[in-house]
Amino acid sequence: MFRTLSQRVWPSRTVLVREKHTLPDLPYDYNALEPVISAEIMQLHHQKHHQTYVTSLNQAEEKFLEAKEKNDLKTMIALTSQLRFNGGGHINHSILWQNFSPKGGEPEGDLLKAIEANFGSFDTLKNGLSSSAVSLQGSGWTWLGYNKSTNSLAIATCSNQDPLEPTTGLVPLLGIDVWEHAYYLQYKSVRADYVKNVFKIINWKDVATRLATARQ
Amino acid sequence: MFRTISQRLLPRCMSMRQKHTLPDLPYDFNALEPVISAEIMQLHHQKHHQTYVNMLNQTEEKFMEAKEKNDLKTMIALGPMLRFNGGGHLNHSIFWQNLSPNGGEPEGELLEAINKDYGSLENMKNIFSSATVAIQGSGWGWLGYNKTTKTLAITTCANQDPLEPTTGLVPLLGIDVWEHAYYLQYKNVRADYVKNLFKIINWKDVAVRLASAKQ
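Residues numbered from 1 in each chain as written. Chains lettered and ligands numbered in written order. Predicted model: local features only at pLDDT ≥ 70, side-chain atom pairs only at ≥ 80, totals over all residues. Heavy atoms only, no water.

In the nomenclature of an unreviewed UniProt entry, chain B corresponds to Superoxide dismutase from the organism Daphnia magna. UniProt, in the comment section headed Cofactor (unreviewed entry), describes chain B in these words: "Mn(2+)". In its Subunit (unreviewed entry) section, the UniProt entry covering chain B states "Homotetramer." (UniProt positions renumbered as here; feature names shortened; annotations may be inferred.)

What follows is the structure in structure tokens.
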């Protein structure tokens, strides 16, 4: 998933070789999250929306490197918006697919302890995430994140595809996508029902792993 | 559609506020098919726009309560809700009038203005379409009128930010590219929706808005 910049050293010059980003596979079938999220939504969301972020990100990076080679600073700056939007879209959705699981479950162990320490109870966390997600104006994401400085959990929102860590420093643990494409075909205008149901398919093991990694 | 505050003189001054209401569509829900489905029109009008109206009324009520208590912090805190829901109400009220099953083509002074500022209708549509399709996230593309320079302008607003309060441009024609405006029918292909929308623009309404703005 992550881009690597390889430098190859030749006798006369060094060449920067860029590997392209690719669309990660889903860890389950398109229909695996039904009835919470329909197969139709999963397929469009993955093959159209996420794929477009990947494709546009690769294009933006290519243009950025071309501008860099010409020392065209104005173009490099102009491209940052595309980099942020498409890069954020790719990062966010790559996390999202892992955050879901058909089996759902509940938080346990260190994750549950952290939740109780910071929010009092799992229910309070769910209520906090839900109200934040439902009241988000426009397109964006609500996140459960980890603050490495204070060793605490936090709920945060980002607009559009702004990625959590680059914009706030919080490590993303669990994201709720409230762009209308994430739910509209099934839930229409009733975002609240989608957010409520999404808690049935959260892969809390993945959330726990992200927390453990962040704490290292 | 517009709120009036009637001040009735009593032993102490009281502001009477009239609530905002959802304007009727000037056509049936299915009138804009096949460009926009009846299902989308009904949801867009009866759910989305209605919610902006309800939330706007609630927000204004809370604002007035805070004002009466001189609670400035709350008045300021209510700003985003006023902007979002007020903008949503303003924008959609314009949008329903901007659309028509028999929209026609621009003529007269409107066409002259378009040709003067963009060279041709085709050129204006191309610029308008690209700007609108490229909006990141939710928002609106606008053809607006700059009263200072007496020129047309194409610009975009995020979320439900209303054009005139945020840019000073007078709104003539808006294109809603929130996903709820097209997704049930066009899925992720926003470009097709925007292209088709030009078939149902009520150019007479756009012309009337321009004429009013020029007064």
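Enquirer: I'd like a description of the sheet that holds strand β5 (residues 171-177) of chain A, backed by residues and values.
Expert: All names here are of chain A. Judged by pairing direction, the sheet is antiparallel, and its three strands sit side by side in the order β4-β3-β5 without closing on themselves. Two strands lie at the open edges of the sheet, namely β4 (152-159) and β5, each paired on one side alone. Each strand axis lies, on average, 25 degrees off the axis of its neighbour in the sheet, ignoring direction. Here eight bridges tie strand β3 (residues 140-147) to β4, and the two strands are oriented antiparallel to one another. (Pairing = 2+ DSSP bridges. Helix = DSSP H or I, 4+ residues; strand = E, 2+ residues; numbered from the N terminus. Axes fitted to C-alpha atoms, helices over the stretch in contact; angles between N-to-C directions.)

Enquirer: Before we move on, could you go through the domain arrangement of chain B and cite the residues and values that matter?
Expert: Residues and elements named next belong to chain B. The assigned domain composition of chain B is domain 1 (38-98) and domain 2 (108-214). Taking only C-alpha atoms, the centre of domain 1 and the centre of domain 2 are 22 Å apart. Contact residues are listed per partner, giving 17 residues for domain 1 and 28 residues for domain 2. A buried area of about 1,700 Å², summed over both sides, lies between domain 1 and domain 2, and 60% of it is on carbon and sulfur atoms. Among the residues of domain 1 in contact with domain 2, Ile40, Asn91 and Asn98 are the three that bury the most area, contributing 37% of the side total. A salt bridge links arginine 83 to aspartate 161, with the shortest nitrogen-to-oxygen separation between them at 2.7 Å. Scanning the region where domain 1 abuts domain 2 turns up twelve residue pairs in polar contact (both at pLDDT 80 or more). Secondary-structure elements contributing two or more residues to the side of domain 1 that touches domain 2 are α1 (38-68) and α3 (79-98). The element best represented in the side of domain 1 that touches domain 2 is α3, accounting for eleven residues. Grouping the amino acids of the side of domain 1 that touches domain 2 by side-chain chemistry returns seven nonpolar, eight polar and two charged. (Domains from an automatic or database assignment. Contact = heavy atoms within 4.5 Å. Buried area = accessible area lost by both parts, 1.4 Å probe. Salt bridge = Lys/Arg side-chain N within 4 Å of Asp/Glu carboxyl O. Polar contact = N/O pair within 3.5 Å; in protein donor to acceptor, adjacent residues only side chain to side chain. Nonpolar A, V, L, I, M, F, W, Y, C, P; charged D, E, K, R; others polar.)

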